[in-house]
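Structural overview for review
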Amino acid sequence: MVLLLLALACAKAPDGAAADTDGAADVPAADGSVPLTDANNFAYEGVLDAPSLPLAELTDVALEWSGLTTDLRCNALDPVADIDNTALLVFPYLTEEEVEAGLSDDSLDQADLAVYLSYLPGDTTRLNLSNMSFFGTDSEIEGRFEAGSGTWMVLLTTGTEIAVGARMMAFLRPTVGETATEASVTDGCPVLDFTADLTTLAHVPVLRDGPWRLDWSALTRDGHGGGFEPTRVDGVMVARFDLTVQDLQDNFLDLESLAAETWRYTITSGTVLDLGAASGPSDPFPGFDGEGVWALALTCGTCPNPAPLFLTIVDPQ
């Protein structure tokens, strides 16, 4: 299984994309075709700086988070109700800085990871290494916690799906001569620093009342700065916001919660969607009727990174 990890996205400006610097849109095609290109895509960069907690070697060390009230996105967090799962990951050949960089640019691979263990904390806000298991199988991992054994990371997540929904992360660092056997995580903000660019992309013109034949076959770069993989797209989201584009850019990590209206449609194959005939929670799509800012995203619900592969601003005309 692939364990590329985190609930964040990191993107670079698409290579060779000529962004429309004033956000102006062209005239929509009369036949309703809506081609999506690299120039329409958003750009996002994230930098991680997780706490590194020195602890005694070869000991059943403990981590507690009863004082954790904000997550890595600076959102409020209940340390009991919001933490459903904890995961331990050991990277034997990477430093903490290399793990953070790999998470930030989505470059970690399954081969980088030697150990994945988990623990469901229930109503507790504490774990010991001995609590961690491989899907119920005792690993006796505490006997391997020693300096030079690699980089040890704990993820605290909402939900129990592997590597999805991370709310906080911390490094447990086995250290020669250290006597501490317990460490606390008290604040998740600002573990993640980010910049998003939604203001220099080329807007996508669409007919206000349709038809809307979305076509993303020309995309070559995804919103994470990597090559675009059409088979990863499993959904289309259309959303309306009572905010400015600058507001969306400043609050990019919370886009879905800020939407005034949202419509979602499932993609099973291909690179084209007739939005007017699509099945979804609002079936069919009622049209771009309403003031505000409209956004369109191509999503990947099975990807460990929940940010969209593609996101743009739509100009109904």
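Before reading further, recall that the structure is shown in the block above.
Scoring rules and cut-offs
Residues numbered from 1 in each chain as written. Predicted model: local features only at pLDDT ≥ 70, side-chain atom pairs only at ≥ 80, totals over all residues. Heavy atoms only, no water. 1 Å grid on protein atoms, 1.4 Å probe; cavity = no way out; pocket = protein on both sides within 12 Å on 5 of 7 lines; lining within 4 Å. Points joined across faces, edges and corners; volume = space filled by probe spheres on them. Helix = DSSP H or I, 4+ residues; strand = E, 2+ residues; numbered from the N terminus. Contact = heavy atoms within 4.5 Å. Buried < 20%, exposed > 50% of the residue type's maximum accessible area, 1.4 Å probe, protein only. Pairing = 2+ DSSP bridges. Disulfide = S-S within 2.5 Å.

1. Quick notes on empty space enclosed by the protein
- According to the stated counting rule, one finds two cavities of 30 Å³ or more in the structure shown.
- Here the second largest cavity is characterised by a volume of approximately 40 Å³.
- Lining the second largest cavity, in full, are Val-34, Val-206, Trp-212, Leu-214, Val-238, Leu-275, Phe-288, Leu-296 and Val-314.

2. Details of the environment of Gly-32
- Position of Gly-32 relative to the elements: it lies in the segment before strand E1 (33-35).
- Sequence-distant contacts of Gly-32, that is, excluding residues within four places in its chain, are made with Leu-207, Pro-211, Trp-212 and Arg-213.

3. A closer look at unusual backbone geometry
- With an omega dihedral of 0 degrees, the bond running from Cys-189 to Pro-190 counts as a cis peptide bond.
- Its place among the elements puts Pro-190 in the loop between strand E12 (182-184) and strand E13 (192-197).
- A cis geometry characterises the amide bond from Gly-210 onward to Pro-211, with omega recorded as 5 degrees.
- The topology assignment puts Pro-211 in the loop between strand E14 (204-206) and strand E15 (213-215).

4. Things to note about helix H1 (residues 96-104)
- Within H1, burial applies to Glu-96, Val-99, Glu-100, Gly-102, Leu-103 and Ser-104.
- Of the surrounding secondary structure, the elements contacted by the buried residues of H1 are strand E2 (43-48), strand E3 (52-56), strand E5 (85-91), strand E10 (151-157) and strand E11 (166-175).

5. Concerning the pairing of E11
- Counting buried positions along E11 yields eight of ten residues, so the element is predominantly enclosed.
- The pairing of E3 with E11 spans five bridges and is parallel. Note that in E11 the partner of Leu-55 across the bridge is Pro-174.
- Relative to E11, E10 runs antiparallel, the two sharing six bridges. Note on E11: the bridge partner recorded for Met-153 is Phe-171.

6. Remarks on the state of the cysteines
- For the coordinates displayed, the defined rule picks out one disulfide.
- The partner cysteine of Cys-74 in its disulfide is Cys-189, sulfur to sulfur 1.9 Å. Between Cys-74 and Cys-189 the sulfur-sulfur dihedral comes to about 80 degrees; the bridge is accordingly right-handed. In this pair, Cys-74 sits in the loop between strand E4 (62-64) and E5 while Cys-189 sits in the loop between E12 and E13, placing the two residues 115 residues apart along the sequence.
- Residue class for Cys-74 comes out partly exposed when judged on its relative accessible area of 37%.

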